[in-house]
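Examining the three-dimensional arrangement
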Amino acid sequence: MSTDLTRRRTLQAAGAAALAAGLSSLTATTAHAGDPGEGDNPAPKLVTYPIPSGVATQASFKVRVRTAPDGEWQTLSCYGHGVKEINATTGSGKVWGSSMVYFDFRGSVELEVTYLKGGTTKARVRPDSYGIRPELLGDTLRFTLDEPKDVVVQINDEIFDCLHVITNHIDPNPPSADDPDVIYFGPGLHSLSGNILYVPSGKTVYLAGGAVVIGQISFKDAEKARLRGRGVLVPRGTVGGVQLDHSKNIRVEEVILLGNGLGCWEADGGVVKKVRVFTWGQWGDGLPLYCSKNITYDGCFVRSSDDSHSIYAHRGELYGDTRNITIVNATLWADVAHPINIGTHGNSDAPEMIENLVIKNVDILDHREPQMNYQGCIALNAGDSNLIKNVRIEDVRVEDFRWGQLLNFRVMYNTTYNTSVGRGIEDVYIKNLTYTGTHAGPSLFLGYDADHAIKNVTFENLVVNGLVIADSMRKPRWYKTTDMAQWYVNEHVQNLKFLTTAEAAAAS
């Protein structure tokens, strides 16, 4: 991008920031190196950001936050966004309103959340693995965060009218607005010319806290470029989100995507860190990936109206293997389809691989899918001559979800999307997978035939409602281990094992 264009973007951002300043101002400034209180024992600090005029808000909650234990309370307005529900009788989708707030802090903070519709009898802060037990005082609840986390506040088990709380560390090194290598969007509302910004190689796009940018950010054919900041990206119509398109070594960090996700299309090398995605439209995959390699997703929160993560090979004009994909430290909520879906699309004419996948330290909050073909909190569904190989799944906690299966491993020929059967699924290791709940249907493990089989799947310390499922567990000798979890395995699954932690250690 030319220097003139970079400066023009900066001036546009500055102008919008000045306009927004007439309406409201930042309640605190971002910490910089040398700020008072930094060092070995930095003082607590809180940074909040106003919502620009013209951006949708939601009025179900009153939210206040302060540095713990006795800082000054600051009131946060809630961004309004949608969440999707599919009618299982008609197939139509309804979009419900929901709420989101975000802020940065150092130290600890206390949140006070009041449900303005009233009638509160119970409150829950999720994921459950965080162990946050709010204090409930009528329609108001309080809880403390000791470090930045993304959580969902539910009142009376309400699924849609929730409060999503997104938090970050204070940005230690925000760029200067006049840096020629930075395309800077300051606080305020911005619309991208032509609804899209193509980021050149080597450039950084920065969305400052309080910035809302309308449009799409594309890293098409770019190398060593970056998108970061605390701001929000919103599509215009169906055009929006972020695309790593035939790109190399791109970083996207800490931005919030409302209404569209982040896609990887034949990308090589990328880090997607603490990106938060909310979708509620048709085909609303949160983090779709096709024919890409060496991509790491770290610390992302996704609430999606289709698969939260979808990992595929060929489709359309995209070709090539998918390999070396890592998903760590994630929180996933799929209002439609799967939290994690792998393998559906590929190249029947020139078969491709999907291999070397790591999924670790993940909380799955929900899964709702009426169609049996598209169930599974984690689905390995090899179609289109794909071979899925070398998958490691570890430390995954699945809370009780609304409708679907815990796992769905299939070598399949889904004629809606496939032109051939998948080649197989091989070498999958699942360690420390836990499910607590009552709504899961039987998990399915289905090879297609003897030549298109599932091979070498090992579970270590699988825990279902507190029961460790292992081949050595007490059961009638004629039972399969999977009967103890009410799962189904067909005759084309080879070398399926269930081990305790001690047995796995001894075997290694």
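Residues numbered from 1 in each chain as written. Predicted model: local features only at pLDDT ≥ 70, side-chain atom pairs only at ≥ 80, totals over all residues. Heavy atoms only, no water.

**A closer look at the overall build of the protein**
The helix and strand inventory of the protein stands at two helices and 41 strands. In terms of overall dimensions, the protein is globule-like: its C-alpha atoms have a radius of gyration of 23 Å, near the 23 Å expected for 508 residues. C-alpha extents for the protein along the principal axes are approximately 75 × 55 × 50 Å. Taking all 508 residues of the protein together, the buried fraction comes to 57%. Long-range pairs, those at least 24 residues apart, make up 69% of the contacts in the protein between residues at least 6 apart in sequence. Per element, the accessible surface of the protein, about 20,400 Å² overall, is 48% carbon and sulfur. Each charge class in the protein was averaged separately, 48 positive and 57 negative side chains, and the resulting centres sit 1 Å apart. (Helix = DSSP H or I, 4+ residues; strand = E, 2+ residues; numbered from the N terminus. Rg over C-alpha atoms; globule rule 2.2 N^0.38 Å. Buried < 20%, exposed > 50% of the residue type's maximum accessible area, 1.4 Å probe, protein only. Contact = heavy atoms within 4.5 Å. Areas by Shrake-Rupley, 256 points an atom, 1.4 Å probe, with all protein chains shown as cover. Lys, Arg positive; Asp, Glu negative; His and termini not counted. Charge placed at Lys NZ, Arg CZ, Asp CG, Glu CD.)

**Re the layout of surface pockets**
Empty space within the largest pocket amounts to approximately 1,000 Å³. Lining the largest pocket are 45 residues, and of these Q282, W283, G284, D285 and D306 lie nearest its centre. Listed by contribution, the elements that provide at least two residues to the lining of the largest pocket are β3 (74-86), β17 (241-245), β20 (262-265) and β23 (287-290). No other element matches β20, which puts three residues into the lining of the largest pocket. A volume near 610 Å³ is recorded for the second largest pocket. Lining the second largest pocket we find 30 residues, and of these P148, H169, K274, R276 and G299 sit closest to its centre. Looking at the lining of the second largest pocket, the elements with two or more residues in it are β10 (163-169), β15 (226-229), β27 (322-334) and β29 (353-367). For the lining of the second largest pocket, the residue count by class is seven nonpolar, eight polar and 15 charged. (1 Å grid on protein atoms, 1.4 Å probe; cavity = no way out; pocket = protein on both sides within 12 Å on 5 of 7 lines; lining within 4 Å. Points joined across faces, edges and corners; volume = space filled by probe spheres on them. Nonpolar A, V, L, I, M, F, W, Y, C, P; charged D, E, K, R; others polar.)

**Structural notes on the pairing of strand β18 (residues 248-253)**
Where β15 lies against β18, three bridges are found, and the strand directions are parallel. Each residue of the ladder has a partner; that of R228, found in β18, is E253. (Pairing = 2+ DSSP bridges.)

**Section: unusual backbone geometry**
Here the bond from A68 into P69 is cis, since omega is 5 degrees, no more than 30 degrees from zero. Assignment of secondary structure puts P69 in the loop between β2 (57-67) and β3. Of note, the bond from R126 into P127 is cis; its omega dihedral lies within 30 degrees of zero at 10 degrees. Residue position: P127 is located in the loop between β6 (123-126) and β7 (135-137). Positive phi, normally seen in glycine, also occurs at N361, with a value near 55 degrees. You can see N361 is positioned in strand β29.

**Considering the side chain of E394**
Tracing the backbone shows E394 in strand β31 (residues 387-398). With sequence-adjacent residues up to four places away left out, E394 is seen in contact with I359, K360, N361 and K431.

**A few points about the side chain of R230**
Within the secondary structure, R230 sits in the loop between β15 and β16 (232-234). Within the structure, the side chain of R230 is placed 3.2 Å from the side chain of D104, a separation counted as a polar contact. In this structure the side chain of R230 is engaged in a polar contact, spanning 2.6 Å, whose partner is the backbone oxygen of H169. When sequence neighbours within four positions are dropped, the list of residues in contact with R230 reads Y49, Y102, D104, N168, H169, I170, D171, L207, A208, G209 and E254. (Polar contact = N/O pair within 3.5 Å; in protein donor to acceptor, adjacent residues only side chain to side chain.)

**Some words on the nonpolar core**
Ranked by internal contacts, the top residues of the largest apolar core, which has 79 residues, are F219, V252, Y297, F409 and F459. For V252, the contacting residues outside a window of four places in its chain are F219, L227, V242, L244, L262, V271, V272, K273 and V275. (Core = buried A, V, L, I, M, F, W, Y, C linked by side-chain atoms within 4.5 Å.)

**Quick notes on the environment of V232**
Structurally, V232 can be placed in strand β16. Note on V232: relative accessible area 0%, which makes it buried. Counting along the chain gives 43 residues from V232 to L189, while the straight-line C-alpha distance between them is 9.6 Å. Sequence-distant contacts of V232, that is, excluding residues within four places in its chain, are made with Y79, Y102, L207, A211, V212, V213, I256 and L258.

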